[in-house]
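Residue-level listing of the chains:
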Amino acid sequence: MADTWPLNVDAKSPNDPVFVGTGELPSGRYPDRNFIGDLTHVGLLALKDAQMVPRHVDTILLIPNLHSAVDQADLIFSRMAEELGLIGHLKSSFMVHSGGSTSDNAVRLASGLIASGHARTVLVLQCERWGSADLNEMVTMLSKYGIPNEWEMPTGLQFNAIGALITRRYMHATQSSPEAMASVCVTLRKWAQLNPNAMYYGKPLTVEKVLSSKMVAEPLHALECPMLADGAVAFVMTSAENAKKRGLETTVRVAGSGGCVSHYSIGQEPDLAKLGWATAAKRAYEQSGWGPKDAQIAQIYDTYAAVTAAAVEGLEFCEPGEGARWFQSGAADPGGTLPCNTNGGMLSAGHTGVGGGTALLVEGVRQLLWRAPSQRQVTGVQRCIVGGTGGSYMDAQVLLLERTSKGGK
Amino acid sequence: MSNPIRDGFRAGLAQGELLVQKCNDCGGLNMYPRHACPHCQSLSLGWQKASGRGILHSYTVLRQGAPQGFEGDLPYALGVVKLQEGVQLLGRLIPDPDGNWDSYKCDDTVEFTPVSAESIERRPCASFKRINP
């Protein structure tokens with residue numbers, strides 16, 4: 001297998017794929033919203049942000065939902081052509097799926113289509129209705145997806161137990177205290193207080209509160225587990241040449257990416273305290289020439305504190321074994337040395353299924369476009385590291401994003 | 001749906017044995033069992049009885065939020081076990097005599113423990129028990 005994947009485009013290439021706009025609806029419980037309505041509205045928000053209308057789009061990529069098998073299998077991406085008035089105009093519409101890392105792979109796919117000329121402008125759409133779905137049904141559904149039915153389903157495994165297996169090993173291997181683990185949740189909650197779209201906006205959290213919540217899947221307490229939420233995000237990618245032609249001075253390009261699929265079944269992961277992060281990071285840094293010190297912010301998949309702590313170690317934001325204590329030091333907090341998950345992440349903005357990682361990605365792009373609300377916009381940010389993972393944390397995906405202009409809006 | 005590797009593994013469990021798939025060509029061990037040998041792609045695959053001993057890589061005790069059909073099992077413990085043979089799997093952990101799992105720690109030595117055929121019929125998975133060092 002190849003060890004390096006040199007990019008075929010650079011910042012000067014006319015066909016360099018760039019982000020030009022993002023859209024987002026608030027995350028939480030919104031029983032008065034609906035799936036198709038949210039997809040439509042969030043798509044229009046992203047296009048407006050990109051100073052575009054639907055007719056500028058030739059390809060729609062849909063990020064799948066997990067709230068309903070019917071909505072998943074219903075070829076919704078083509079329905080969006082109808083809803084957005086693109087019948088006969090749209091060239092291609094389809095769904096991409098790698099669980100929580102879908103957004104990272106959707107960026108790779110859209111980039112490839114744009115760089116090769118198969119697409120000019122790609123609209124990526126996501127909506128999840130978990131927050132308004134029946135909780136017991138969702139728990140059962142989550143014991144079937146990403147778990148081998150022959151080998152692991154008979155044990156009674158479910159998603160919090162998967163998070164707990166990673167957390168237990170992480171705490172054992174790194175000797176991280178329960179307080180250090182809970183501090184990751186508290187950092188995320190601090191960011192959520194700056195995001196009116198977050199599920200837990202206006203609801204501060206302390207380490208004591210986390211550790212006094214009931215035990216769900218040892219060693220995880222209830223407040224260390226993500227809350228299922230409704231949510232929708234979208235983004236628009238096009239070529240650098242097309243962005244320029246449309247007068248869009250500020251864009252965000254993909255400087256590199258790296259990935260590592262380390263298992264499918266949680267019982268097959270060689271090291272639950274590490275997962276695939278170090279390999280994914282090495283591949284991304286090699287492709288881009290970046291190092292861990294080259295970004296000013298990071299947006300890392302965060303359904304459970306240990307997943308994120310393992311990620312920041314693999315990405316070399318801190319010494320091996322120090323991930324949770326790095327969060328505890330305040331490094332990732334508002335005003336910290338490397339602000340992380342500036343929308344509040346999945347643990348505090350809400351777990352919108354496959355969309356949770358997409359929301360983090362969109363937050364990274366929004367920050368790089370300098371379009372985050374002023375209370376959480378990181379001043380002068382030029383580069384962002386995005387980390388995603390899907391299924392039972394089967395893969396680690398890293399995207400390295402950079403703003404294409406130094407100043408101005 | 002016919003699935004000989006699943007059925008072969010479960011037949012072993014029902015007889016009180018933990019079986020690991022063994023490739024008849026390269027001798028490689030596969031866990032979970034595969035439809036072709038991932039080492040040499042051979043389709044000639046058999047079974048080897050495992051020693052049953054392994055190291056507990058990680059574990060959890062689920063106290064709430066069981067999937068449908070598992071509610072009556074709560075609380076129950078799950079662990080990832082790295083067998084001496086160099087392969088690994090997820091299984092259930094047998095509680096201490098007091099019904100809890102307080103004696104368990106990561107990296108403990110655990111041993112495959114047969115359970116009744118009725119239990120395997122209901123929950124076709126391996127169970128492990130901590131053994132005193």
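Residues numbered from 1 in each chain as written. Chains lettered and ligands numbered in written order. Predicted model: local features only at pLDDT ≥ 70, side-chain atom pairs only at ≥ 80, totals over all residues. Heavy atoms only, no water.

Caption draft 1: Inspection of the interface of chain A and chain B at higher detail. At the junction of the two partners, chain A supplies 33 residues and chain B supplies 38 residues. Of the roughly 2900 Å² buried where chain A meets chain B, counting both sides, 56% is carbon and sulfur surface. Among the residues of chain A in contact with chain B, A:W151, A:T155 and A:Q268 are the three that bury the most area, contributing 24% of the side total. Linking chain A with chain B are two salt bridges, by the criterion used here. A salt bridge links B:R63 to A:E218; its shortest N-O distance comes to 2.7 Å. Counting across the chain A and chain B interface gives 23 residue pairs in polar contact (both at pLDDT 80 or more). For the side of chain A that touches chain B, the elements supplying multiple residues, two or more each, are helix 5 (135-141), helix 6 (159-174) and strand 5 (215-217) of chain A. For the side of chain A that touches chain B, the leading source of residues is helix 6 of chain A, giving six residues. (Contact = heavy atoms within 4.5 Å. Buried area = accessible area lost by both parts, 1.4 Å probe. Salt bridge = Lys/Arg side-chain N within 4 Å of Asp/Glu carboxyl O. Polar contact = N/O pair within 3.5 Å; in protein donor to acceptor, adjacent residues only side chain to side chain. Helix = DSSP H or I, 4+ residues; strand = E, 2+ residues; numbered from the N terminus.)

Caption draft 2: How the structure looks around the packing of helix 6 of chain A against helix 11 (residues 305-314) of chain A. Residues and elements named next belong to chain A. Interaxial distance between helix 6 and helix 11 falls to 9 Å at its minimum, and their mutual angle equals 50°. Here helix 6 is positioned oblique relative to helix 11, judged by the angle of their axes. Across the interface between the two elements, I166, T167, Y170 and T174 from helix 6 touch A306, V307, A309, A310 and E313 from helix 11. In terms of residue class, the contact of helix 6 with helix 11 is made up of six nonpolar, two polar and one charged. (Axes fitted to C-alpha atoms, helices over the stretch in contact; angles between N-to-C directions. Parallel < 35°, antiparallel > 145°, perpendicular 65-115°, else oblique. Nonpolar A, V, L, I, M, F, W, Y, C, P; charged D, E, K, R; others polar.)

Caption draft 3: Structural view of the sheet that holds strand 2 (residues 59-63) of chain A. Residue and element names in this part refer to chain A. The sheet built from nine strands is open, its strands ordered 3-2-4-7-1-8-11-10-9 with mixed pairing. The sheet is open, and its two borders are formed by strand 3 (92-95) and strand 9 (297-300), each paired with just one other strand. Taken pair by pair, the neighbouring strands of this sheet meet at an average axis angle of 20°, ignoring direction. Summarising the sheet, strand 9 and strand 10 (residues 383-388) pair through four bridges and their orientation is parallel. Looking at strand 10, one finds that I297 is bridged to C384. The sheet contacts of helix 10 (residues 277-288) involve strand 8 (252-261), strand 10 and strand 11 (395-403), and relative to strand 8 the element is tilted by about 145°. (Pairing = 2+ DSSP bridges.)

Caption draft 4: Structural view of the packing of aromatic side chains. Counted according to the given criterion, the structure contains 10 aromatic pairs over all chains. With a centroid separation of 5.8 Å and 10° between ring planes, the pair formed by A:W151 and B:Y32 is classed as stacked. Of this pair, A:W151 sits in the loop between helix 5 and helix 6 while B:Y32 sits in the loop between strand 2 (29-30) and strand 3 (45-49), placing the two residues on different chains. For the pair shown, A:W151 and B:Y32 are each scored as buried. Aromatic side chains B:Y59 and B:Y104 sit 6.3 Å apart centroid to centroid with 45° between the ring planes, which places their arrangement in the tilted category. With B:Y59 in strand 4 (residues 53-62) and B:Y104 in the loop between strand 6 (88-93) and strand 7 (109-112), this pair connects stretches of sequence that are 45 residues apart. (Phe/Tyr/Trp six-rings, centres within 6.5 Å; stacked < 30°, edge-to-face > 60°. Buried < 20%, exposed > 50% of the residue type's maximum accessible area, 1.4 Å probe, protein only.)

Caption draft 5: Local environment of the environment of A:G388. Residue and element names in this part refer to chain A. With respect to the secondary-structure elements, G388 resides in strand 10. Using a relative accessible area of 1% as the deciding quantity, one classes G388 as buried. The sequence separation of G388 and G231 amounts to 157 residues, and the corresponding C-alpha distance is 18 Å. If near-sequence neighbours (up to four positions away) are discounted, G388 is found in contact with S101, D104, W277, Y301, D395, A396 and Q397.

Caption draft 6: Seen up close, the environment of A:M237. Residue and element names in this part refer to chain A. By the secondary structure assignment, M237 is in strand 7 (residues 230-239). Distance in space between the C-alpha atoms of M237 and F19 is 4.4 Å, their sequence separation being 218 residues. Residue contacts for M237: discarding those within four places in its chain leaves P17, V18, F19, V107, A110, S111, I114, R120, T121, V122 and V254.

Caption draft 7: Quick look at the pattern of salt bridges. All names here are of chain A. On inspection of all chains with the given rule, the structure shows 24 salt bridges over all chains. K190 serves as the salt-bridge partner of D333, at 2.6 Å between the closest nitrogen and oxygen. Placement of D333 in the loop between helix 12 (323-328) and helix 13 (345-349) and of K190 in helix 7 (residues 178-192) is noted, with a sequence separation of 143 residues between them. With relative accessibility at 10%, the residue D333 sits in the buried group.

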